[in-house]
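Letter by letter, the chains look like this.
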Protein chains: 2
Amino acid sequence: MTFLRYGFSSEQAAAAADVLLYADLHGLDSHGVCNLLPIYVKALSDRSILPSSTLRRVRKKGAISTFDASGMLGLLAAKGAMEAAIELAAEHSVGAVTVMNSSHFGTAGYFARMAAQSGMIGLALTNLGNRPVGYAQGSRRAIIGTNPLGFASPAGDLPSFVLDMSTTVVASGKIKLAKDLGEEVPVGWMVNQSGQPVTDPNSYLEGSGLLVPLGGWQRSTGGHKGLGLSLLVEVLSGVLSGASVSLGFEDEQNSIGHFLFALDVSAFLEGSIFAERMERFLSSLLGEPVFEGHEALTYPGHSDAKIALERGVHGIPLPAPTVAALNWHASTLGAVSLAEIGQ
Amino acid sequence: MTFLRYGFSSEQAAAAADVLLYADLHGLDSHGVCNLLPIYVKALSDRSILPSSTLRRVRKKGAISTFDASGMLGLLAAKGAMEAAIELAAEHSVGAVTVMNSSHFGTAGYFARMAAQSGMIGLALTNLGNRPVGYAQGSRRAIIGTNPLGFASPAGDLPSFVLDMSTTVVASGKIKLAKDLGEEVPVGWMVNQSGQPVTDPNSYLEGSGLLVPLGGWQRSTGGHKGLGLSLLVEVLSGVLSGASVSLGFEDEQNSIGHFLFALDVSAFLEGSIFAERMERFLSSLLGEPVFEGHEALTYPGHSDAKIALERGVHGIPLPAPTVAALNWHASTLGAVSLAEIGQ
C-alpha cells in the first residue's frame, strides 16, 4: 500500500514488501516493517529514493556484471542484482555482481537465501555509502558502516543455512529496537566519543554513541578482526562497485553499494552429494549435547525457520511504537489500521 | 633443507619455505617456522603428508575447478590451487576452486595475497578437517575449527589490503606461542569443559581448554556471529570440497579442505579507477585522528608490511624454544644452526 502510494507498480510493491515481511516473519525484527517509515518513506518523501529508477547493467564480462541502480529502492535493486548473479552462475558455475547508486536493502540474508532456493550458495554484502556509524579502535568519530553480510546455502531436507549478520557487534536496528522497547543496551555495544562504554540507545541516535566492531574495541578480544571484516565488505560493496565509501568520499551525494555472489554447488559435487554432506554436518551439530541450562545448539537459519513457522500461525509481535507509527501512517493513506486487522 | 630431506624437489621446498617465511617476516609469528617441526615434520614423519603427491584436477566447469591433493603438503596444494583460481579469473573475471585431501596450509593471507599481486581480489579459506578445536555456545566439547579466512586486495601505491584471521577469537598458534613464551592467555580466549574461562595455555594443548569463537561465548557480544563465520568457512572449504568436516565425519581418515577465490577488478572498473578509490579510502583511514595514547589507525596488511620492512633489515625474533627445537632439528640434518647464522 505504502509503496503503491509512492508510484511503484503492484509487482514492485509486492516484491519490496516481501523483503520486509521476510525479516519480521523470521524474527529479524530490526529489519522489518519497523523500518518502513524511518528509512523508506523518509527517503521516498525527500526523493533520495526514486520509484521510477530501474536497474541498468553497465558492464558484463565473463561471469560478472556491474549495475547502476540510479537511486532505486535497495530492496528491489538487490533482488534484481541477485537474480542476475544466479543467472551468471547457471552459465559459468559462479556469478558476481556489483550495484552502485542504490539505497538501504533491508536484510542481507533475504538475497543470499534467493541463491539457496535455486540450489546455489549465495553471498550478499552492502555498505552504508558515506554514512559511517561505527567506531574503529581509537577513532574519535564513526568511520565504518555496519556493513552486513548475508550467506546462504541449501541444506538438503533441513532448513537452508542462512547467516545474516552485521560486522559490527550488533546491527544498528537492534539499538533502535531497544529504544522503542524502552531498554538499555548491553555494555560492549557502544562507546562514546571518549572511548567509554555507553548503554543509552538514545546516544546512538543523537550521534554521541559509536557502534563497536564485532570482537569489541580491544585487540585482545578480536576487535581488529571485526574491523577487518567491515573493511572487507566495504572493499567489495563500496570501492569495487563505484558507490560512496565510508571514508574519503564525504563530498559525494550518498550512494550505497552492494555485492552479490552466487555459486552453483552442482558444478562442484555430483547429484545429491552436497545435500547429503550438509545434512550429515548440520544434523550432527543439532544433536550435539549441551550443558544443563543451555539452549540446544542451532545453526544460522535453523532457528529463524522455526520462528517463521510459529509466527506464520500465531502472528508477528510488533513493539507498540512501531504499531502506533504504522497506524498513523495507515490513516494518512486511508488504509485499515493494524489494530483492526488484529495483531 | 627440511623439505628437501623429505623428498621434495628444490622448487617445491623453496615454495613451501616461502609460505612459512612470509608469516615470520610479516609478524604472523604463530604461522611461521615455529610450525615446521610440530606440524609439518611430524606429519611427514608419520606419512600423513606425502611428498610425492600432486594436485589433480577432478572437475572443471565454467569458472570453477575442483582438486584432489591426495595427501599433499597444504602449503603447496593451496599455492597451486590459487594459481588455478587466478587463471580462471583471468578468463572468466572470477574463479573459484576447492581442494580436498590436503593438509595444514599455513597462513591464509599468503594465498589471498597472491591474487592481489596479480591485480585481483583474493579469498583463501581452510577448514581443519575432522579435528575441531573450538567451542560453540554451550557445547561440551570442541566442535568447530579455527577456520581461518584470508582476503586480499590491491591498493594502488599503498601496501595491499590483506586480512588474515581465524574465525575463533584467536588462532590456536597464538596459544602455543603464549606457552612457548611462558605467558598466560587473556580471559576470553578459552573456556573449560564446564564453560568457565581459563587462561593456562597448557589446558588447550591438553584438550581441556576450548577456543571461543570471535565475539566470545555469549550472544550479546556476538559469539553467534563468530560461530556463523566458522560454519560459513566449513561449508565452503569442508562440505563443498569433499574434505572431512568438523562434525559428523569422525569416522574418516582426516582430510583438510580449502576454498580459493579470485576476482579480476579490471572487469568491474576501468583502468586505474579501483586503485585510486582504494588509495583514497585507505589513506583517509590512515590519516584519521585518534585519541591521545592510542596507536594510529591502520588497515589489515598495512602494519604487516611495516613489520616486514623492519624485519627485512633487523632480522626475525624467534622465541627461545623455537630456536632450540630448530637447532636440534638442524643438527639431525647435519645443517648449520640458527645460532651460527646469527639471529
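Residues numbered from 1 in each chain as written. Chains lettered and ligands numbered in written order. Predicted model: local features only at pLDDT ≥ 70, side-chain atom pairs only at ≥ 80, totals over all residues. Heavy atoms only, no water.

Q: Quick rundown of empty space enclosed by the protein? Include the residues and the values.
A: What the rule picks out here adds up to two cavities of 30 Å³ or more. For the largest cavity, the calculated volume is near 320 Å³. Of all the secondary structure elements, the ones that give two or more residues to the lining of the largest cavity are strand S4 (120–126), strand S5 (149–153), helix H8 (223–239) and strand S10 (256–264) of chain A together with strand S4 (120–126), strand S5 (149–153), helix H8 (223–239) and strand S10 (256–264) of chain B. Around the second largest cavity, the lining residues are B:Asp24, B:Asp29, B:Cys34, B:Pro317, B:Leu318, B:Pro319 and B:Thr322. Of the residues in the lining of the second largest cavity, the class split is four nonpolar, one polar and two charged. (1 Å grid on protein atoms, 1.4 Å probe; cavity = no way out; pocket = protein on both sides within 12 Å on 5 of 7 lines; lining within 4 Å. Points joined across faces, edges and corners; volume = space filled by probe spheres on them. Helix = DSSP H or I, 4+ residues; strand = E, 2+ residues; numbered from the N terminus. Nonpolar A, V, L, I, M, F, W, Y, C, P; charged D, E, K, R; others polar.)

Q: So what's going on with the interface of chain B and chain A? Which residues, and what values?
A: Between chain B and chain A, the residue contacts involve 86 residues of the former and 86 residues of the latter. Regarding the contact of chain B and chain A, the summed buried area is about 7200 Å², with carbon and sulfur atoms giving 69% of it. The closest approach of N and O atoms between B:Glu288 and A:Arg141, which form a salt bridge, is 2.7 Å. Across the chain B-chain A interface, the total number found is 36 residue pairs in polar contact (both at pLDDT 80 or more). Among the elements that make up the side of chain B that touches chain A, the one with the highest residue count is H8(B) (ten residues). Across the side of chain B that touches chain A, the residue classes break down as 47 nonpolar, 27 polar and twelve charged. (Contact = heavy atoms within 4.5 Å. Buried area = accessible area lost by both parts, 1.4 Å probe. Salt bridge = Lys/Arg side-chain N within 4 Å of Asp/Glu carboxyl O. Polar contact = N/O pair within 3.5 Å; in protein donor to acceptor, adjacent residues only side chain to side chain.)

Q: How would you sum up the sheet that holds strand S2 (residues 64–68) of chain A? Please name residues and give values.
A: Residues and elements named next belong to chain A. Spatially, S1-S2-S3-S10-S4-S5-S6 is the arrangement adopted by the seven strands of the open sheet, whose pairing is mixed. Looking along the sheet, the strands with just one partner apiece sit at the ends: strand S1 (56–61) and strand S6 (161–165). Neighbour to neighbour, the strand axes of the sheet diverge by 10° on average, direction disregarded. Both S5 and S6 contribute to a ladder of five bridges, which runs antiparallel. If you follow alanine 152 over to S6, its bridge partner there is valine 162. Here H8 sits on the sheet and contacts strand S3 (94–102), S4 and S10; the angle it forms with S4, its principal contact strand, is near 90°. (Pairing = 2+ DSSP bridges. Axes fitted to C-alpha atoms, helices over the stretch in contact; angles between N-to-C directions.)

Q: Please set out the sheet that holds strand S9 (residues 210–211) of chain A residue by residue, giving values where relevant.
A: All names here are of chain A. The antiparallel open sheet is built from three strands, whose spatial order is S8-S7-S9. The sheet terminates laterally at strand S8 (197–198) and S9, the two strands that pair on one side only. As paired elements, strand S7 (residues 190–191) and S9 share two bridges and run antiparallel to each other. The residue of S9 that forms the bridge with valine 191 is leucine 210.

Q: I'd like to hear about helix H2 (residues 10–25) of chain A, residue by residue, with values.
A: All names here are of chain A. The first and last C-alpha atoms of H2 sit 21 Å apart over 16 residues, in line with the 22 Å expected at 1.5 Å per residue. Taken together, the buried positions of H2 are Ala13, Ala15, Ala16, Val19, Leu20, Tyr22, Ala23 and Asp24. Buried residues along H2 sit against helix H1 (2–5), helix H3 (36–45), helix H4 (74–92), helix H5 (108–117), S6 and helix H10 (302–314). Positioned one or two residues after H2, glycine 27 has a phi angle of 85°, which is positive. (Expected span 1.5 Å × (residues − 1). Buried < 20%, exposed > 50% of the residue type's maximum accessible area, 1.4 Å probe, protein only.)

Q: I'd like a description of the pattern of salt bridges, backed by residues and values.
A: In the structure shown here, the tally under the stated rule is 13 salt bridges over all chains. A salt bridge links A:Arg280 to B:Glu252; the nearest nitrogen and oxygen atoms lie 4.0 Å apart. With A:Arg280 in helix H9 (residues 273–287) and B:Glu252 in the loop between H8 and S10, the pair connects residues from two separate chains. Of the charged contacts, one joins B:Arg56 and B:Asp68 as a salt bridge, the two residues approaching to 3.6 Å between their closest N and O atoms. One end of the pair, B:Arg56, is in strand S1 (residues 56–61); the other, B:Asp68, is in strand S2 (residues 64–68), with twelve residues separating them in the sequence.

Q: So what about the nonpolar core? Which residues, and what values?
A: Core analysis: the largest hydrophobic core is formed by 88 residues, its most contacted members being A:Phe151 and B:Phe151. Residues contacting B:Phe151, with those up to four places away along its chain left out, are A:Leu232, A:Val235, A:Leu236, B:Ala112, B:Ile121, B:Gly122, B:Leu123, B:Phe161, B:Val162 and B:Leu163. Listed in part, the 51 residues of the second largest apolar core include A:Phe8, A:Ala69, A:Ala85 and A:Ile86. (Core = buried A, V, L, I, M, F, W, Y, C linked by side-chain atoms within 4.5 Å.)

Q: Quick rundown of the relation of the copies chain B and chain A? Include the residues and the values.
A: You can overlay chain B on chain A at an RMSD of 0.0 Å; the transform is a turn of 180° with a shift of 0.0 Å along its axis. Both chain copies can therefore be described as sitting about a two-fold axis. Ranked by how close their C-alpha atoms come to the rotation axis, the residues of chain B are headed by B:Gly215, at 2.3 Å. Mapped onto chain A, 100% of the interface residues of chain B again fall at the interface, so both copies present the same surface. (Least-squares fit on C-alpha atoms with pLDDT ≥ 70 in both.)

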